[in-house]
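Below, each chain spelled out in residue letters.
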Amino acid sequence: MNRTALCVLAHPDDAEFLCAGTLARLKKEHGWAIHVATMTPGDCGSAEHGPDEIARIRRAEGKAAAEAIGAIYHCLEERDLRVIYSENALEKVTRLVNAVAAQVVFTHSPDDYHLDHEQTSKIVRAATFAAPIPNFLHGRHLHPPVAHIPHLFYCDPLEGSDAFGRPIVPGFRIDISAVIADKARMLECHESQRAWLRAHHGVDNLVDSMREWGAAQGAHAGVPFAEGYRQHLGHSYPKNNVLADLLGSV
């Protein structure tokens, strides 16, 4: 069994909020290879730096955060607020799934507060379906197609609700209490985001916000900290919950 997990999320620091604890556990407890990808380099995420400079800073922060748990960072070089389901974006993600031979893929909730997140979710869903199909990139493959559709998991939307504020309840939760310090250390690498989120989102401390959300999910499960997920179970996707099998669900 190939033991590789790939998360494809919209922006640098999304993984650290949403699924880094689970990634850290897969790495620490089972020796999985971990890849963290962002659709964009966060080029709109600053009121101080221009897009090229903040993109350079945020790529470096994403790389440092991934390396904090022994993971590899990738940027797919789309642009903030311009993540759109398109042939080019779909090919980029499909190529990455095949390049790393991902068995498990994480992405955003299909319903979220940010359209970049929702578009990323759709692109990743399509890419996991396309990755094993030889004719999708016929004659243009850089890596062999994966043998089968990977397991696909949707992370919680930010603050656990859709664009109308309606709760989106996880299908299951993973206890991340033992790795919450690793998750915080990863998020602390995103230093450039503290000032931006304070100005634009009204969030004063990234790490405190992450811990509060993890504690809220943990409270539902009777553990200090947890991350919530839903598994894509549509036709032809794997039906066994490999995360629960490996890490236990709470």
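All values reported here derive from a predicted model rather than from experimental measurement.

Draft legend 1. Structural context of the pattern of salt bridges. Overall, the coordinates contain 13 salt bridges when judged by the stated rule. Close ionic contact of E227 with K183 constitutes a salt bridge, the shortest N to O distance being 2.6 Å. In this pair, E227 is assigned in strand 7 (residues 226–231) and K183 in helix 6 (residues 180–188), connecting sequence segments 44 residues apart. On the accessibility criterion, E227 (3% relative accessible area) is buried.

Draft legend 2. A look at helix 8 (residues 206–221). Here helix 8 contains 16 residues, and its C-alpha end-to-end distance of 23 Å stays within 8% of the 22 Å for a straight helix at 1.5 Å per residue. Residues of helix 8 that are buried: L206, V207, M210, G214, Q217 and G218. Angularly, the buried residues of helix 8 cover 105° about the axis, an arc narrow enough to put them on a single face. Opposite the buried face of helix 8, at more than 90 degrees from it, the exposed residues are E212, A219 and H220. Of the residues that open helix 8, the one with a side-chain oxygen 3.0 Å from the backbone nitrogen of V207 is N205.

Draft legend 3. Structural view of helix 5 (residues 115–130). Look at helix 5: 22 Å from first C-alpha to last across 16 residues, which is about the 22 Å you get at 1.5 Å a residue. Within the span of helix 5, buried status applies to D116, H117, E118, T120, S121, I123, V124, A126, A127, T128 and A130. Next to the buried residues of helix 5 lie strand 1 (4–9), helix 1 (14–18), helix 4 (87–100), strand 4 (104–107) and strand 5 (151–155).

Draft legend 4. Focus on the pairing of strand 2 (residues 33–38). Counting buried positions along strand 2 gives five out of six residues, so the element sits mostly inside the fold. Relative to strand 2, strand 1 is paired through six bridges, and the arrangement is parallel. Bridge pairing in strand 2 places L9 opposite T38. Note on the crossover from strand 2 through helix 3 (residues 51–67) to strand 3 (residues 72–75): the handedness is right-handed.

What counts and how
- Residues numbered from 1 in each chain as written.
- Predicted model: local features only at pLDDT ≥ 70, side-chain atom pairs only at ≥ 80, totals over all residues.
- Heavy atoms only, no water.
- Salt bridge = Lys/Arg side-chain N within 4 Å of Asp/Glu carboxyl O.
- Helix = DSSP H or I, 4+ residues; strand = E, 2+ residues; numbered from the N terminus.
- Buried < 20%, exposed > 50% of the residue type's maximum accessible area, 1.4 Å probe, protein only.
- Expected span 1.5 Å × (residues − 1).
- Arc of directions from axis to C-beta.
- Polar contact = N/O pair within 3.5 Å; in protein donor to acceptor, adjacent residues only side chain to side chain.
- Contact = heavy atoms within 4.5 Å.
- Pairing = 2+ DSSP bridges.
- Right-handed = clockwise from strand over helix to strand, strands pointing away.

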